[in-house]
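Architecture at a glance
Here is what each chain is made of, one letter per residue.
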Amino acid sequence: MIVVIGCPTGRVADGVIAAAGMSSRVALSAAGAGRTVQLVGRVGDDPTADAVVLDLARGGVGHVALLRDGTRATPLEPAEPDEPDGTEIDDADDDAGPSPVDHMAATGGPVLESADVDLGLRYLTEFSVLVIAEPVDRATTSVVAEAAGWGDARLIVIVRPDAPAPAGLPADAVVFEAPDADPDGVFATLVGHFAAGLDDGVEPEAAFKDSLGFDGWSEAIEGSDPG
C-alpha cells in the first residue's frame, strides 16, 4: 500500500469540482498505476470536500484516514491556473518561504497536525511506501519518518523549490524538489509512478527511470533527487 500525506484541495474543471493539489495528484497517479493508495490528511466539512472525496474515490484513492475539519473550508483553486486569484495556492513568493504550518494556513484550508498523521498511520498499519506530498512541520515529519521505520517502508518527501531536505529523514529517503508550478500534473504523475515502482519492490534508480517513460513527461524537473 502507498500512503500519501497532505491536504487535498478542489479545482473547478469543466464546470465540476475535481480533486487538486499535490497530494491528490500524486495519490491519483499511483492509484492509476494499479496500486492500493490511501490519503492521510484533512479537508473541510463542506460541499467542496464532498466533491473532492468523490473524485478521489472514483480515481481509486482511499480516504478512510482523511479527517473533516468543520472550522476551515476546503480551498478551491480557480478554473484557470494562469489567472490571478486569491484562492490559488502559491507557495513560491520568496526564497525562504513560509513555515509549513503557515503554508497550510495560507491556503485558508485545514491544517494537518502530527497527531492526525500518527493516528492515520497507526490505523492503516500496512504500507510499503509513504509520501509526504506537501510541506509539514517538524513534528509531522518525525512521525512519518518513525512510521517508515516500524513499517519497513520507503519514504518519499516532496520539498518546495529551493528548500532543503527536512532533518531527521531515514538514510534511504527519496527527496524530490517540486517545480514552481505543475499545472498539468506532470511532476505529480512522475512521483506517483515512482512510488508505484517502489511499492513493487523496484530499486529507486530503476523506478525513477521507469517513471520518466510515462506520457506527458517531456521536461526534466531540475532538483529531483531519486537517491
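Residues numbered from 1 in each chain as written. Predicted model: local features only at pLDDT ≥ 70, side-chain atom pairs only at ≥ 80, totals over all residues. Heavy atoms only, no water.

1. Structural notes on the environment of Val131
- Tracing the chain through its elements places Val131 in strand 8 (residues 129–132).
- With a relative accessible area of 0%, Val131 lands in the buried category.
- As a C-alpha pair, Val131 and Ile158 span 27 residues in sequence and 7.7 Å in three-dimensional space.
- Once residues within four sequence positions are removed from consideration, Val131 is found in contact with Ile2, Val3, Val4, Ile5, Val26, Ile156 and Ala195. (Helix = DSSP H or I, 4+ residues; strand = E, 2+ residues; numbered from the N terminus. Buried < 20%, exposed > 50% of the residue type's maximum accessible area, 1.4 Å probe, protein only. Contact = heavy atoms within 4.5 Å.)

2. Focus: the pairing of strand 8
- On strand 8, burial covers both faces: Val129 and Val131 on one face and Leu130 and Ile132 on the other are all buried.
- Alignment of strand 1 (residues 2–5) against strand 8, held across 4 bridges, turns out to be parallel. Residue pairing in the sheet places Val3 in a bridge with Leu130 of strand 8.
- Running through helix 5 (residues 138–150), the crossover from strand 8 to the neighbouring parallel element strand 9 (residues 154–159) is right-handed. (Pairing = 2+ DSSP bridges. Right-handed = clockwise from strand over helix to strand, strands pointing away.)

3. Points about the nonpolar core
- Ranked by internal contacts, the top residues of the largest apolar core, which has 34 residues, are Val131, Ile156, Ile158 and Phe176.
- For this core, the leading source of residues is helix 6 (residues 186–199), giving 7 residues.
- The next biggest cluster of nonpolar side chains, apart from the first, holds 24 residues, and it includes Ile5, Leu130, Val143 and Val144. (Core = buried A, V, L, I, M, F, W, Y, C linked by side-chain atoms within 4.5 Å.)

4. Overview of the packing of helix 1 (residues 21–32) against helix 6
- Relative orientation of the contacting elements helix 1 and helix 6 amounts to 50°, with a least axis distance of 7 Å. It follows that helix 1 is oblique to helix 6 by the angle criterion. In this structure, the crossing between helix 1 and helix 6 has a hand that is right-handed. Residues Met22, Arg25, Val26, Ser29 and Ala30 of helix 1 form the contact with helix 6, whose participating residues are Phe187, Ala188, Thr189, Val191, Gly192 and His193.
- Of the residues in the contact of helix 1 with helix 6, the class split is 6 nonpolar, 4 polar and 1 charged. (Axes fitted to C-alpha atoms, helices over the stretch in contact; angles between N-to-C directions. Parallel < 35°, antiparallel > 145°, perpendicular 65-115°, else oblique. Left-handed = near helix turned anticlockwise from the far one by under 90°. Nonpolar A, V, L, I, M, F, W, Y, C, P; charged D, E, K, R; others polar.)

5. Some details on the side chain of Arg42
- Looking at the element boundaries, Arg42 is found in strand 4 (residues 37–44).
- There is a polar contact of 3.4 Å between the side chain of Arg42 and the side chain of Asp69.
- Setting aside its immediate chain neighbours within four residues, Arg42 contacts Gly6, Cys7, Pro8, Leu66, Leu67, Asp69, Pro110, Val111, Leu112 and Asp116. (Polar contact = N/O pair within 3.5 Å; in protein donor to acceptor, adjacent residues only side chain to side chain.)

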